[in-house]
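# Summary of the model geometry
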Amino acid sequence: MRNSSKKTSKKRAASPKAKQRASVAFRMNILFFSIFLLFSILILRLGFLQIVKGENFVRILERTEEVPVNTSVPRGRIYDSVGRVLVDNEPQNAITYTKLQTTKQQEMMTIAEKLATMIKKESDDVTLRDRQDYWISLHKEEADGKVSKKEKDKMVADETLSAGDIQNQIDRLVRERITEKELEGLTEQQLEVLAIYREMASGYALSPQIIKSEDVTPEEFARVSEHLGEMIGVNTTTDWVRVPKSSLAILGRTTSPKQGIPNSQINYFLARDYTRNDRVGRSYIEQQYEEILQGQKSVVKNITDGKGTVMETESVFEGQPGKDLVLTIDSEIQAKMESLVEAKMIELKQQNGSNLFDRAFVVIMDPYTGEILSMVGKQFGEDPETKKRVINDYAYGTFTTAYEVGSIIKPATLLTGYDQGVIQLNEVMIDEPIKIGELGIPKSSVFNRFSRIPMSDLQAIEQSSNVYMFKVGFRLADAIYKYEQSMSIDTGAFSVLRNSYAQFGLGVQTGIDLPGETTGVTGLGDLPGNLMDLTIGQYDTYTPLQMAQYVSTIANDGYRIKPHVVKEIREPSSDGKTMGSLVTEISPTVLNRIHNSQTQIDQIKRGMSRVYFGSQGSAKSYFGDAPYDAAGKTGTAQVVYSGPNSLKSGDPTINSTHIGFAPFDNPEIAYAVMIPWAPYYNGQYKSTGTILAREVVDAYFEIQKKNGTAEQSESPTLLPIKPALSETEIEEDNEDTIE
């Protein structure tokens with residue numbers, strides 16, 4: 001019986017049902033164990049995210065919630081050196097629209113239709129594409145019928161086209177087949193709605209977009225304000241428009257909200273939290289100091305529900321106006337210099353041989369600080385409406401255009417000779433006509449076409465000897481000169497001279513705090529005649545600003561100072577009457593010290609003094625009776641015309657130049673005058689650059705004498721804001737796009 005019972009039990013244990021129950025139990029255990037592992041991993045992961053990564057995710061969340069908002073904070077003002085307003089801001093009413101992440105196209109169109117009944121919006125900016133898209137939205141069935149089913153089926157059958165490609169082709173065909181007559185069916189009211197909608201749709205979510213800011217009437221502002229509750233996202237606010245008070249071109253210009261960020265800089269600005277319709281500086285000071293002048297937008301935190309709808313907005317940062325700039329330029333001095341240049345241009349244009357003449361430049365610089373006290377450039381142009389000749393501001397030409405400068409380079413040539421040991425102080429050489437080879441015309445000094453005159457280095461500067469400089473160049477090139485015989489030279493002399501000139505700022509960037517500076521053009525030839533021309537400033541070209549930096553380097557005993565037009569950066573004014581607190585004062589920057597000794601520099605300065613007051617001084621007839629002690633150098637470069645009139649390219653002409661500094665012992669100013677393509681008739685010309693230089697220096701000291709007492713009485717801590725020298729407001733151009 002026992003054996004029979006055991007056999008029965010074994011059979012039951014081995015039955016299929018028993019095996020199935022055992023398998024289920026095993027699987028359940030595996031499942032429970034897997035669930036336990038998954039929950040353990042999940043708990044560990046949640047702990048890792050909360051404890052280890054929690055702060056990082058909070059910061060990421062804050063970044064997505066805190067949105068910089070363009071509240072149109074005013075840009076920083078720009079003042080002249082004594083506090084006169086050069087560029088101001090003017091408030092104006094504005095109507096804006098802010099779309100949410102969940103805003104639908106139809107919702108914006110409905111709001112645009114309501115706004116069109118309250119404001120007048122010109123439709124000039126509506127494009128053909130805008131009109132086509134609007135027509136499609138109004139005539140969906142007709143638009144769909146523009147492309148036949150057969151055409152659509154053919155596209156679908158093309159396996160190379162994706163769904164997106166097919167839709168793009170259909171959209172293109174629909175637009176192409178909308179007739180002009182159909183588009184003309186859009187009414188003026190519909191076009192106005194479209195113009196408003198276009199502005200609304202062009203902005204980013206949560207970023208206010210200006211719908212209208214120019215010529216918003218009080219009635220329009222009031223009507224919209226009364227109905228804000230009916231138009232979600234619409235707001236009435238204050239916008240700011242830039243108002244230049246001076247025609248000085250280097251102040252630069254800004255874009256308008258319509259123009260927005262220039263296309264060429266779109267990625268740069270977007271990476272810095274700008275929006276596409278932000279105003280930005282697009283030239284000169286406005287561009288160079290964009291980050292200083294641009295205010296800080298307000299920052300808001302948008303609290304949204306699970307669907308992305310903004311439920312509440314909290315202000316995190318109220319925004320701040322841009323910082324103010326104080327320039328180194330005195331408006332009164334600048335205006336006087338501009339009037340002198342303009343008067344001289346009108347006078348010169350009436351002379352024989354002035355058909356090529358169209359511009360003139362003056363730069364005045366503090367030789368010890370690098371402050372630009374006046375930067376004048378003027379150019380003849382044509383009024384587009386009257387077609388009459390006008391004089392336009394061309395101040396930026398002082399550092400963006402370059403010319404042969406003539407004999408003003410001779411002090412640098414002598415200093416190069418001293419430094420290289422090829423001439424000694426007071427060394428005498430013979431000034432005589434120079435002729436290399438049997439062919440060609442002899443080259444000589446203007447005052448000595450035929451004789452042989454012993455001449456020292458001081459006399460060479462005083463009388464402006466070309467030949468003395470030629471012979472310095474020959475020595476630098478290890479050349480042996482004999483009259484009417486060919487001559488070989490070491491072409492390394494070109495590099496020696498150019499490297500030496502660069503110490504003074506000639507042929508290199510000056511470092512001015514303005515964009516677009518050029519270095520000039522370097523001659524390509526390396527013949528003996530080219531070397532001779534290089535030594536007297538008739539081969540390479542230099543800018544008027546380089547000329548000013550060059551003479552400043554001599555005036556301050558050998559230190560090349562970086563020029564700058566911004567003197568101070570200040571906080572915005574709190575009361576509109578006095579300037580804000582000082583943030584940064586621009587200190588002098590020494591770029592390099594020339595290789596010459598003080599003794600050698602003093603020798604050159606004595607020679608330049610003799611130019612004005614020596615018995616044979618080339619500028620004695622203009623500066624000999626000056627009531628101040630000064631030093632300078634005259635220059636005339638015989639050149640061929642290379643200006644805008646291409647029909648006259650290659651015509652012979654002259655550049656009239658002048659450099660100097662005053663007073664002699666402790667210079668306040670270094671100055672440079674450049675008059676390219678000056679009147680030149682039958683080989684005759686006048687020292688127009690030197691004549692203008694005397695007028696410039698006289699005017700500067702007259703203004704300083706008149707204003708000296710008043711300036712000393714002003715408080716150094718309370719700097720009052722002064723009105724612009726002229727009440728004339730300069731209109732900014734409003735081109736639609738900026739490249």
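Look up a bit, the structure's there.
Below: a short report on this structure. Please read all numbers here as calculations on a predicted model, not as lab measurements.

Conventions used here
- Residues numbered from 1 in each chain as written.
- Predicted model: local features only at pLDDT ≥ 70, side-chain atom pairs only at ≥ 80, totals over all residues.
- Heavy atoms only, no water.
- Salt bridge = Lys/Arg side-chain N within 4 Å of Asp/Glu carboxyl O.
- Buried < 20%, exposed > 50% of the residue type's maximum accessible area, 1.4 Å probe, protein only.
- Helix = DSSP H or I, 4+ residues; strand = E, 2+ residues; numbered from the N terminus.
- Axes fitted to C-alpha atoms, helices over the stretch in contact; angles between N-to-C directions.
- Parallel < 35°, antiparallel > 145°, perpendicular 65-115°, else oblique.
- Left-handed = near helix turned anticlockwise from the far one by under 90°.
- Contact = heavy atoms within 4.5 Å.
- Pairing = 2+ DSSP bridges.

## Details of the pattern of salt bridges
Scanning all chains against the criterion turns up 37 salt bridges. Between aspartate 358 and arginine 359 there is a salt bridge, with the nearest N and O atoms lying 2.8 Å from each other. The same class applies to aspartate 358 and to arginine 359, which are both buried. The salt bridge partner of lysine 443 is aspartate 533, with a shortest N-O separation of 2.7 Å. One end of the pair, lysine 443, is in the loop between β12 (428-431) and β13 (453-456); the other, aspartate 533, is in helix α21 (residues 528-535), with 90 residues separating them in the sequence. By relative accessible area, lysine 443 is classed as partly exposed at 29%. Residue classification places aspartate 533 among the buried positions, given a relative accessible area of 17%.

## Remarks on the packing of helix α7 (residues 149-157) against helix α8 (residues 163-177)
The N-to-C vectors of α7 and α8 enclose an angle of 150°; their axes lie 10 Å apart at closest approach. Considering their axes alone, α7 and α8 lie roughly antiparallel with respect to each other. Read as a crossing pair, α7 and α8 show a hand that is right-handed. Contacts between α7 and α8 pair Glu151, Lys152, Met155 and Val156 from the former with Ile166, Gln169, Ile170, Leu173 and Arg177 from the latter.

## A short note on the sheet that holds strand β9 (residues 359-365)
One open sheet holds the 6 strands; their spatial order is β11-β10-β9-β20-β19-β18, and the pairing between them is antiparallel. The open sheet has two edge strands, β11 (389-393) and β18 (631-640), and neither has a second partner. Taking each pair of neighbouring strands and ignoring which way they run, the sheet shows an average axis angle of 15°. Sheet strands in contact with helix α22 (residues 544-555) are β9, β10 (372-382), β19 (652-662) and β20 (669-678), and its direction is about 145° off that of β20.

Read these as geometric descriptors, not functional statements.
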